[in-house]
Amino acid sequence: MHSADTSAPRPRRFTAAGPLTGRIRVPGDKSISHRSIMLGALAVGRTRVTGLLEGEDVMSTAAAMRAMGASIERLPDGEWIIDGVGVGGLLQPKQALDMGNSGTSTRLLMGLVASHPITTTFIGDASLSKRPMGRVIEPLSQMGADFTAAPGGRLPLTLRGISPAVPISYRLPVASAQVKSAVLLAGLNTPGTTTVIEPVPTRDHSERMLSGFGAELAVEVAADGTRTIHLTGEAELKPQTIVVPGDPSSAAFFVVAALLVPGSDLVIENVGLNPTRAALLGVLRDMGGQIEELDRRDVGGEPVADLRVRHSMLTGIAVDPAVVPSMVDEFPVLFVAAALAAGRTVTTGLEELRVKESDRIAVMRAALELAGAMVTETEDGLIIDGTGGAPLQGTPEGGAVATHLDHRIAMSMAVAGLASRAGVAVDDTRPIATSFPVFEALLAQASGAA
Ligand code: S3P
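All of the points below concern the structure found in this document. In this text, all values refer to a predicted model and were calculated from it rather than measured experimentally.

What counts, and where the lines are drawn
Residues numbered from 1 in each chain as written. Predicted model: local features only at pLDDT ≥ 70, side-chain atom pairs only at ≥ 80, totals over all residues. Heavy atoms only, no water. Near = heavy atom within 4 Å. Polar contact = N/O pair within 3.5 Å; in protein donor to acceptor, adjacent residues only side chain to side chain. Areas by Shrake-Rupley, 256 points an atom, 1.4 Å probe, with all protein chains shown as cover. Helix = DSSP H or I, 4+ residues; strand = E, 2+ residues; numbered from the N terminus. Nonpolar A, V, L, I, M, F, W, Y, C, P; charged D, E, K, R; others polar. Domains from an automatic or database assignment. Phe/Tyr/Trp six-rings, centres within 6.5 Å; stacked < 30°, edge-to-face > 60°. Buried < 20%, exposed > 50% of the residue type's maximum accessible area, 1.4 Å probe, protein only. Contact = heavy atoms within 4.5 Å.

### Considering the site of the ligand
Right, on to step 1. Every residue near the ligand is listed here: Ser31, Arg35, Thr104, Arg107, Ala175, Ser176, Ala177, Gln178, Arg203, Val328, Asp329 and Lys356.
Right, on to step 2. Residue Ser31 places a side-chain N or O atom 2.7 Å away from an oxygen atom belonging to the ligand.
Right, on to step 3. Asp329 places a polar side-chain atom, nitrogen or oxygen, 2.7 Å from an oxygen atom of the ligand.
Right, on to step 4. For the ligand, whose free accessible area comes to 390 Å², the fraction covered by protein is 95%.
Right, on to step 5. Every element with two or more residues in the shell around the ligand is listed here: helix H1 (30-42), helix H3 (103-114) and helix H5 (177-188).
Right, on to step 6. Among the residues making up the shell around the ligand, the classes are represented as 3 nonpolar, 4 polar and 5 charged.
Right, on to step 7. Of the residues that make up the shell around the ligand, three or more belong to each of domain 1 (2-28 + 245-446) and domain 2 (30-242).

### What about the packing of aromatic side chains?
Right, on to step 1. Scanning the entire structure with this criterion turns up 5 aromatic pairs.
Right, on to step 2. Ring centres 6.1 Å apart and planes at 75° place the aromatic pair Phe253 and Phe439 in the edge-to-face group. On the criterion of sequence distance, the pair formed by Phe253 in helix H7 (residues 248-260) and Phe439 in helix H12 (residues 439-446) is long-range, its members being 186 residues apart. Per residue, the accessibility class of Phe253 equals that of Phe439, and both read buried.
Right, on to step 3. Geometrically, the ring pair formed by Phe436 and Phe439 is edge-to-face, given 5.5 Å between the ring centres and 65° between the ring planes. Each member of the pair Phe436 and Phe439 is classed as buried.

### Quick word on the side chain of Ser358
Right, on to step 1. Relative to the helices and strands, Ser358 is located in the loop between strand S18 (344-346) and helix H10 (360-370).
Right, on to step 2. The exposure class of Ser358 is buried, given its relative accessible area of 7%.
Right, on to step 3. Of note is the side chain of Ser358, whose polar atom sits 2.8 Å from the side chain of Asp406.
Right, on to step 4. The residues contacting Ser358, other than those within four sequence positions of it, are Leu353, Val363, His404, Asp406 and Ile409.

That is the geometry; function is a separate question.
Structure representation (structure tokens):
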């Protein structure tokens, strides 16, 4: 949400509807959309993007890149055209950059600004202003940028970038694609070789797209899986034509909904299946979920398929913590699947969930309990004893799930509402527009209510 948004919360009760059937298409991938705008804005010439996610988070990125000199326009047919300023060509913005709810915009743009001679302030909404920025301040300070942040390394934050910055070799202390990307993007305008070492692989959209735009980038993978990424600056980026695949993190809500609602048989078209993003499907299949991949193909350098999902009886499992980075955003909706499964689901290694748009461990524990599920919170995960397919009770009259400005809590609990007796009330559906503005319309369409 825009940090100055004063609109009233929009509560809604999500209730059981018909089975999910037919074909739907989810909007473009959020991670890829952010990156296509940023790199398009740094290329010399005109980049064209189709399938861009037109959610609030991506619009925050677009507004910031415009404020720093790029021209970014939407054509009437939905194609976006971006006229870039060239690496090193970003201008000093006249006002603070409002990042709204978007951690990805904030952390990646901090990287871009760090190696330009720009001083700017980043602000955000109440959720974003609680999130830790120290994880990017640290490496970017090593490169020579200077920061004044609110206590705890939070927004509002003022960044004084430097040019030329110093190339560094940085080993990621947390498995974070945002931190990796911030350092690599800072490396674009830094003479010499910037290196990021990631012991645990995270989403690799930045690497794929940087190579696609012509940056000099090399990746080494060690026998133990450690990835070392070298980027040589100062880079010259060539404009591209980009097709953004559908967002697997958005598709996840419909995958789980179709698995849970009896009679469902739904096709979700054009879902991105980059292996660094797709672990949820494997976990759900291990639980007994019937999910087929149809027409596997390549879209814009990313693997894509249509998913056919049928109602299934799920069984609880222990989720291997090694898959966490490849489904880090999907745990809230996995918890909902677990709440309806037979037996116990145990999740561990989820510390990072506590610093997302909300503390997703505590918030989902409270939300699912309110809806009648059996949940135990641990330091690094949830233990959930499922109903064995019986619908959840739903939230009591007068009680509503607190979503804490977190889109994924709102959408996950909407899915829980479909599999409940009394329905699930959520206190605010506005945050859904950050990543999936058409979620409610697609839900109505798939469940035959539209
Ligand atoms: C993202 C990385 C992840 C993810 C976020 C998008 C990205 O965050 O949760 O929704 O586009 O790089 P972390 O880097 O904090 O894990």
